[in-house]
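Letter by letter, the chains look like this.
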Amino acid sequence: TMAINEIWSFNGPVIATSVSTALSLSKSHSVTKKYFYVWDLEWARFRGRDYDYTITPYIDPEIKLISRSKDHAIAIENYCNRKVSGIVPNFNVTKLMDIINHE
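Residues numbered from 1 in each chain as written. Predicted model: local features only at pLDDT ≥ 70, side-chain atom pairs only at ≥ 80, totals over all residues. Heavy atoms only, no water.

J.: How do you make sense of the overall build of the chain when you look at a structure like this?
T.: Of the regular secondary structure elements, the chain holds four helices and four strands. In the chain, the succession of helices and strands from N to C terminus is β-α-β-α-β-α-β-α. Rg of the C-alpha trace for the chain: 13 Å, near the compact-globule value of 13 Å for 103 residues, within the 12% margin. Along the longest, intermediate and shortest principal axes, the C-alpha atoms of the chain span 35 × 25 × 20 Å. Here the chain holds 103 residues, and 38% of them are scored as buried. (Helix = DSSP H or I, 4+ residues; strand = E, 2+ residues; numbered from the N terminus. Rg over C-alpha atoms; globule rule 2.2 N^0.38 Å. Buried < 20%, exposed > 50% of the residue type's maximum accessible area, 1.4 Å probe, protein only.)

Structural data, given as structure tokens:
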């Protein structure tokens with residue numbers, strides 16, 4: 001793991017875990033592979049934030065989506081009309097690396 005401010009000089013694959021960190025990924029041009037591991041369905045409870053803010057990382061074609069469960073995958077696909085790249089329960093690092101290495 002590393003602080004989000006280190007992505008500007010990092011050129012390997014990076015996994016965001018929230019809407020805000022995924023938005024930072026979308027602005028980075030040095031990262032080779034961008035992933036958003038969706039643990040929390042933030043859009044379902046955001047109050048005061050608009051749709052444009054929460055949908056942006058989900059529809060960014062450079063960011064691959066990874067879900068924590070089949071139910072979350074269905075919700076994500078219904079929310080943003082994009083398929084998830086994989087389902088990985090409990091942030092299993094081995095399974096995350098399988099997805100990253102096979103894309």
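Having put the structure on the table, let's press on.
J.: Is there a simple way to explain the packing of helix 1 (residues 19–27) against helix 2 (residues 51–59) in this structure?
T.: When two helices pack together, their arrangement is given by the angle between the helix axes and by the axis-to-axis distance. Packing of helix 1 against helix 2 leaves a shortest axis separation of 9 Å and a crossing angle of 60 degrees. The angle between helix 1 and helix 2 places the two elements in the oblique class. As helix 1 packs across helix 2, the resulting crossing turns out to be left-handed. Packed against helix 1, whose contacting residues are V19, S20, A22 and L23, the element helix 2 presents Y53, T54, T56, P57 and Y58 at the interface. Looking at the contact of helix 1 with helix 2, its residues break down into six nonpolar, three polar and no charged. (Axes fitted to C-alpha atoms, helices over the stretch in contact; angles between N-to-C directions. Parallel < 35°, antiparallel > 145°, perpendicular 65-115°, else oblique. Left-handed = near helix turned anticlockwise from the far one by under 90°. Contact = heavy atoms within 4.5 Å. Nonpolar A, V, L, I, M, F, W, Y, C, P; charged D, E, K, R; others polar.)

J.: I'm lost on helix 1 in this one. Help?
T.: An α-helical segment advances 3.6 residues per turn. Residues three or four places apart therefore align on the same side. Listed in full, the buried residues belonging to helix 1 are V19, A22, L23 and L25. Axial view of helix 1: buried residues confined to an arc of 155 degrees, hence all on one face. Close packing links the buried residues of helix 1 with strand 1 (14–16), strand 2 (34–38), helix 2 and strand 3 (63–67). (Arc of directions from axis to C-beta.)

J.: Explain the packing of helix 2 against helix 3 (residues 70–80) here, please?
T.: As a packed pair, helix 2 and helix 3 sit with axes 10 Å apart at the nearest point and diverge in direction by 110 degrees. When the axes of helix 2 and helix 3 are compared, the pair comes out roughly perpendicular. In terms of crossing hand, the pair formed by helix 2 and helix 3 is left-handed. The residues of helix 3 that touch helix 2, namely those facing Y51, T54, I55, Y58 and I59, are I76, Y79 and C80. For the contact of helix 2 with helix 3, the per-class residue count stands at seven nonpolar, one polar and no charged.

J.: How do you make sense of the nonpolar core when you look at a structure like this?
T.: Residues L25, F36, V38, Y58, L65, I76 and C80 are the most contacted members of the largest nonpolar core, which totals 19 residues. Broken down by secondary-structure element, the contributors of at least two residues to this core are strand 1, helix 1, strand 2, helix 2, strand 3 and helix 3. Not counting residues within four places of it along the chain, the set of residues in contact with V38 comprises Y58, I66, S67, R68, H72 and I76. Residues Y37, L96, I99 and I100 belong to the second largest nonpolar core, which totals seven residues. (Core = buried A, V, L, I, M, F, W, Y, C linked by side-chain atoms within 4.5 Å.)

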